[in-house]
Amino acid sequence: MNIADLRQEYMRAGLAEADAHADPLVQFERWFNEALAAQLPLANAMTLATAASGGAPDARIVLLKGVDHGGFVFYTNYESRKGRQLAAQPQACLVFFWAPLERQIRIEGQVEMVSSSDSKNYFASRPLGARLSARASAQSEVVAGREVLEQAVQQERAKHGENPPRPAHWGGYRVIPSRMEFWQGRENRLHDRLLYLRDGGSWKIERLAP
């Protein structure tokens, strides 16, 4: 198979300015609900792009866990590689890609930590195994083998039982968007791209060439 020969024609839908909501967070909610209704696997999976030291790009998949206070929330280890990058450069880009719907959404903005109470409440809602792993794993650090991680989890279980507390180095981030782009695949690669730009207390919408 020649990779260059892999193609798909986009024929499902369009995105007109007249149909787009004036608020991109509402437009996101519309599309996200349609992704859920389509029963797409991990519809809340998103690429999180950050900047490493020297400006080199870095990216990974994380899970959206809420949209509140005008931003997109995810949780992680603050001492992980991405956590260190966000501490040094609190800006990020998120990308959702829903291939069956021929859609993607790009979100750019400043990043802030969520409140400790929000992090505590979300941590308490996680399955026990995930809470123990969050305590046991020094995310992004080199380990001698998987057995080291498994032993660390057992030690946390022995110490805390069914109620491991949230570690101080684990919690949430919120990406506050300044730009959001909604991309809808169209026939002959003449895709629809609507860009929302924050303009004071409101948003303006511009169409981008595909």
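Each value, and the rule that gives it
Residues numbered from 1 in each chain as written. Predicted model: local features only at pLDDT ≥ 70, side-chain atom pairs only at ≥ 80, totals over all residues. Heavy atoms only, no water. Core = buried A, V, L, I, M, F, W, Y, C linked by side-chain atoms within 4.5 Å. Buried < 20%, exposed > 50% of the residue type's maximum accessible area, 1.4 Å probe, protein only. Helix = DSSP H or I, 4+ residues; strand = E, 2+ residues; numbered from the N terminus. Contact = heavy atoms within 4.5 Å. Patch = residues over 30% accessible without salt bridge, like charges linked within 9 Å, V, L, I, M, F, W, Y side chains within 5 Å. Areas by Shrake-Rupley, 256 points an atom, 1.4 Å probe, with all protein chains shown as cover. Salt bridge = Lys/Arg side-chain N within 4 Å of Asp/Glu carboxyl O. Phe/Tyr/Trp six-rings, centres within 6.5 Å; stacked < 30°, edge-to-face > 60°.

Asker: Just to check I follow, could you spell out the nonpolar core for this structure?
Answerer: In globular proteins that are soluble, nonpolar side chains generally tend to be buried together. Of all hydrophobic cores here, the largest spans 31 residues; its most connected members are Phe 28, Trp 98 and Ile 105. Among the secondary structure elements, those contributing two or more residues to this core are helix H1 (24–37), strand S1 (45–51), strand S4 (71–77), strand S5 (91–98), strand S6 (103–113), strand S7 (170–184) and strand S8 (192–199). Apart from the residues within four sequence positions on either side, Ile 105 is in contact with Phe 28, Trp 31, Leu 94, Val 95, Phe 96, Trp 98, Met 180, Glu 181 and Phe 182.

Asker: Would you take a moment to explain a nonpolar patch on the surface for this structure?
Answerer: Taken together, the side chains of Met 1, Ile 3 and Leu 6 make up a nonpolar region of the molecular surface, amounting to roughly 430 Å² of accessible area. Inspection of the secondary structure puts Met 1 in the segment before H1. Met 1 gets classed as exposed once you look at its relative accessible area, which sits at 84%.

Asker: It is not clear to me how the packing of aromatic side chains should be interpreted in this structure. Could you clarify?
Answerer: Aromatic rings in a pair are described by how distant their centres are and how their planes are angled relative to each other. Summed over the entire model, instances satisfying the criterion amount to 15 aromatic pairs. With a centroid separation of 5.1 Å and 80° between ring planes, the pair formed by Tyr 78 and Tyr 173 is classed as edge-to-face. Of this pair, Tyr 78 sits in the loop between S4 and helix H2 (81–88) while Tyr 173 sits in strand S7, and the two are 95 residues apart along the sequence. Residue Tyr 78 is classed as buried on the basis of its relative accessible area, which comes to 15%. Judged by relative accessible area, which is 4%, Tyr 173 ranks as buried. Three or more aromatic residues joined by ring pairs make a cluster, and in this case those are Phe 28, Phe 32, Phe 72, Phe 96 and Trp 98.

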